[in-house]
Structure formats: C-alpha cells, structure tokens
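Per-entry structural report
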Amino acid sequence: MADIIGYFGVGLILLAYFLNLFNKIDNDSRGYMWMNLIGAGLACVSSVLIKSIPFTILEGTWALVSLVALVRKKK
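Report on the accompanying structure. Owing to the predicted nature of the structure, the values given are computational and were not obtained by experimental measurement.

1. Some remarks on the packing of helix α1 (residues 2-21) against helix α2 (residues 30-49)
At a minimum axis separation of 7 Å, α1 and α2 run at an interaxial angle of 155°. Regarding the angle of α1 to α2, the classification is roughly antiparallel. Here the hand of the crossing between α1 and α2 comes out left-handed. Of the residues assigned to the contact of α1 with α2, the class counts are 18 nonpolar, 6 polar and no charged.

Here it is as structure tokens:
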C-alpha cells in the first residue's frame with residue numbers, strides 16, 4: 001500500500017513539474033501549488049509507512065512549503 005500511495009504522490013509532483021516546464025501551468029497558480037501539496041503529502045505518508053526518515057523530512061517540508069505558498073496566495 002505504501003508503494004501505491006508513493007507512486008500517486010510522486011506522480012502528482014512530477015506532473016506539476018512537467019506541466020510547468022512546458023508552460024501549461026504557472027508555478028504560482030493555485031493548481032500547481034495544490035498538486036505539489038497533495039503530491040508531497042501522499043509521498044510523505046508513504047515515507048512514514050516505509051520508515052524512511054530522510055524522505056519523510058523532505059516530503060513533509062515540500063508539503064509545508066506548498067501549504068504556506070497557498071495561504072499566502074489566498075491573501
């Protein structure tokens with residue numbers, strides 16, 4: 001189950017990256033930020049399930065940064 005959650009999370013982060021790279025979505029758009037937040041959150045959950053502390057920290061930080069960006073965008 002951890003792998004499936006991780007695949008979806010990482011896939012969503014990569015999709016956001018590729019869409020931005022090919023100018024299909026702007027990196028300060030809410031969609032981009034949501035994709036990163038959800039993707040990193042799922043990848044973080046997967047990392048917790050497999051007990052990978054470094055990736056838990058990485059993905060947790062990525063999710064937190066995306067959340068802060070979304071909150072700032074809302075203002």
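2. Notes on the environment of Gly11
Within the element layout of this structure, Gly11 appears in helix α1. Its relative accessible area of 34% is what places Gly11 among the partly exposed residues. Through-space distance from the C-alpha of Gly11 to that of Ala40 is 9.8 Å; in sequence the pair is 29 residues apart.

Criteria and thresholds
- Residues numbered from 1 in each chain as written.
- Predicted model: local features only at pLDDT ≥ 70, side-chain atom pairs only at ≥ 80, totals over all residues.
- Heavy atoms only, no water.
- Axes fitted to C-alpha atoms, helices over the stretch in contact; angles between N-to-C directions.
- Helix = DSSP H or I, 4+ residues; strand = E, 2+ residues; numbered from the N terminus.
- Parallel < 35°, antiparallel > 145°, perpendicular 65-115°, else oblique.
- Left-handed = near helix turned anticlockwise from the far one by under 90°.
- Nonpolar A, V, L, I, M, F, W, Y, C, P; charged D, E, K, R; others polar.
- Buried < 20%, exposed > 50% of the residue type's maximum accessible area, 1.4 Å probe, protein only.

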